[in-house]
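Fold and contact review
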Amino acid sequence: MKQLNQEEAKRICDRVIGLSKADECSVRIDGRRVGNVRFARNSVSTAGLSEDTSIAVTVAFGKRQGTATINEFDDKSLERAVRRAEDIARLAPENPEFMPAPGKQEFKSSQTLVRETAAIDADYRAEVASHAILACRKKNLVAAGFFTDTTGFETIANSQGVFGHQEYSGLDYTCTVRTEDGRGSGWVTRSANDVRRFDAREASDVAIEKALRSVEAKALEPGRYTVILEPAATSELLGRMFGAFDARRADEGRSFLSKKGGGNRLGEKLFDEQVNVWTDPWNPDVPVLPWDAGSMLPRERTNLIKDGKVASLEYSRYWAEKKGARAIGRPGNMIMSGGTKSLEELIADTKKGVVVTRTWYIRMVDPQSLLLTGLTRDGTFYVENGKIKYPIKNFRFNESPVAMLNNVEELGKPTVIGPDEVRYQMVIPPMRLSDFNFTSLSDAV
């Protein structure tokens with residue numbers, strides 16, 4: 001893939017917009033190079049490098065829109081994409097919620113590209129895999145994992161003067177370690193924008209230790225327990241809640257943020273006062289592009305929850321105009337404040353409780369209360385008098401992140417967690433919560 005610079009990307013966008021005969025035209029160029037190594041049963045199974053660049057052209061005639069996507073950039077291909085988008089728009093029904101393309105915007109750049117991360121090569125990927133594989137062979141354990149590194153760019157432009165271009169990089173790593181008899185399992189995940197903040201050996205050692213400690217799991221009766229949740233155990237749960245801070249859903253009565261009788265719960269205290277969550281595209285730990293490509297609006301540092309109160313809601317351009325509110329770009333990250341204690345220190349301060357490494361297979365039970373169900377896995381432990389006493393069998397849980405954040409006992413030091421199911425880059429602390437609802441046992445390891 002040719003990593004287009006700003007001048008090259010601008011020239012292509014101008015060419016596309018100049019070819020359009022529609023009332024308005026928007027362009028998005030995405031290019032990325034993704035390297036990967038996958039290993040299983042203590043051997044590398046696949047490794048590779050994929051490259052792709054594509055351009056999406058969206059045009060509108062009045063309230064009729066059409067989009068065409070292509071990955072060829074010669075003049076004939078660009079013109080073909082524009083004409084296809086125009087043909088689709090002419091055939092499309094009018095969109096009653098159509099919003100004209102936004103005018104020129106100012107985008108403050110964020111530090112999404114780290115050259116050292118962009119320089120990751122096959123030798124580095126092989127070394128990441130080797131740390132887990134060799135360590136597990138020595139301890140008669142079995143490792144499986146996946147490491148990816150991404151370098152790319154995104155360009156947005158429209159016929160009203162919007163233009164933005166920025167490069168980015170990042171890496172993600174997951175590793176599962178099991179005992180040969182399958183009775184013990186450990187797991188770890190790591191994400192980073194800067195490869196210098198990633199330690200493959202440290203990550204693998206975490207999964208190894210959990211696998212060794214989780215053998216001979218005992219059954220604990222289901223019920224409500226104090227839990228110490230690692231950041232990876234809460235990211236999927238909280239991500240679903242953060243993704244529900246939508247003003248329209250709340251106003252229309254389809255959300256946990258809906259007020260009885262109409263309206264939303266903006267400004268109300270719904271969580272423990274220790275809970276503070278915000279989005280910030282310029283956060284050095286999880287920087288993201290300074291625009292939302294969907295709306296072509298700038299992102300801003302915005303409080304979502306402040307001292308337990310709902311501080312803001314997300315407005316689409318259509319709903320903002322309807323309600324007399326202000327629309328900004330949808331966030332790309334979520335940052336939650338915490339304390340200074342490590343996971344181990346939170347455990348040491350716990351009289352009785354359960355440590356959860358990971359949650360998975362999460363499904364929505366009730367959107368109105370955000371009640372979720374899922375399972376623990378890859379290392380669940382019983383704590384007594386500040387020490388992990390023994391591993392326990394996994395649980396199914398029924399719990400709402402809203403209730404969870406009302407039962408906060410203590411928050412630890414925040415940690416970077418990669419994209420969740422809602423695709424947020426996240427910074428989340430480990431947390432000790434009371435009355436977490438485990439409903440049944442699961443024999444799965």
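Residues numbered from 1 in each chain as written. Predicted model: local features only at pLDDT ≥ 70, side-chain atom pairs only at ≥ 80, totals over all residues. Heavy atoms only, no water.

1. What to know about the nonpolar core
Counting residues in each nonpolar core, the largest one holds 53 residues, and the members touching the most others are Met241, Phe245, Phe256 and Phe271. With 6 residues, helix α6 (residues 231-242) is the single largest residue contributor to this core. Excluding residues that lie within four positions of it along the chain, Phe256 makes contacts with Met241, Ala244, Phe245, Arg265, Leu270, Phe271, Pro367, Gln368, Ser369, Leu370 and Val402. Listed in part, the 25 residues of the second largest apolar core include Phe39, Ala129, Leu141 and Val177. (Core = buried A, V, L, I, M, F, W, Y, C linked by side-chain atoms within 4.5 Å. Buried < 20%, exposed > 50% of the residue type's maximum accessible area, 1.4 Å probe, protein only. Helix = DSSP H or I, 4+ residues; strand = E, 2+ residues; numbered from the N terminus. Contact = heavy atoms within 4.5 Å.)

2. Let's talk about the UniProt feature "domain: Metalloprotease TldD/E central" (unreviewed entry) in the protein
Mapped onto the present numbering, the UniProt feature "domain: Metalloprotease TldD/E central" (unreviewed entry) falls at residues 128-213. Spanning residues 128-213, this segment combines 29% helix with 50% strand, and its end C-alpha atoms are found 23 Å apart. (UniProt positions renumbered as here; feature names shortened; annotations may be inferred.)

3. Observations regarding the side chain of Asp378
Inspection of the secondary structure assignment puts Asp378 in strand β15 (residues 371-384). A distance of 2.5 Å separates polar atoms of two side chains, one belonging to Asp378 and the other to Ser185. At a separation of 2.7 Å, a polar atom in the side chain of Asp378 contacts the side chain of Arg358. Ignoring anything within four residues of it in the chain, the contact list for Asp378 reads Thr176, Arg178, Ser185, Gly186, Trp187, Lys210, Thr357, Arg358, Asn394 and Val445. (Polar contact = N/O pair within 3.5 Å; in protein donor to acceptor, adjacent residues only side chain to side chain.)

4. Here's the deal with the sheet that holds strand β5 (residues 163-179)
Taken in spatial order, the 6 strands make up an open sheet running β3-β2-β1-β4-β5-β6, and their pairing is antiparallel. Looking at which strands have only one partner, the edges of the open sheet turn out to be β3 (64-70) and β6 (185-192). Going from strand to strand, the sheet's axes swing by 15° on average, the running direction of each strand aside. Two strands pair when backbone bridges link them, and strand β2 (residues 43-61) and β3 are joined in this way by 7 bridges, in the antiparallel orientation. Note on β3: the bridge partner recorded for Ala56 is Thr69. Of the strands in this sheet, β4 (141-158), β5 and β6 touch helix α5 (residues 200-213), which is tilted by about 160° from β6. (Pairing = 2+ DSSP bridges. Axes fitted to C-alpha atoms, helices over the stretch in contact; angles between N-to-C directions.)

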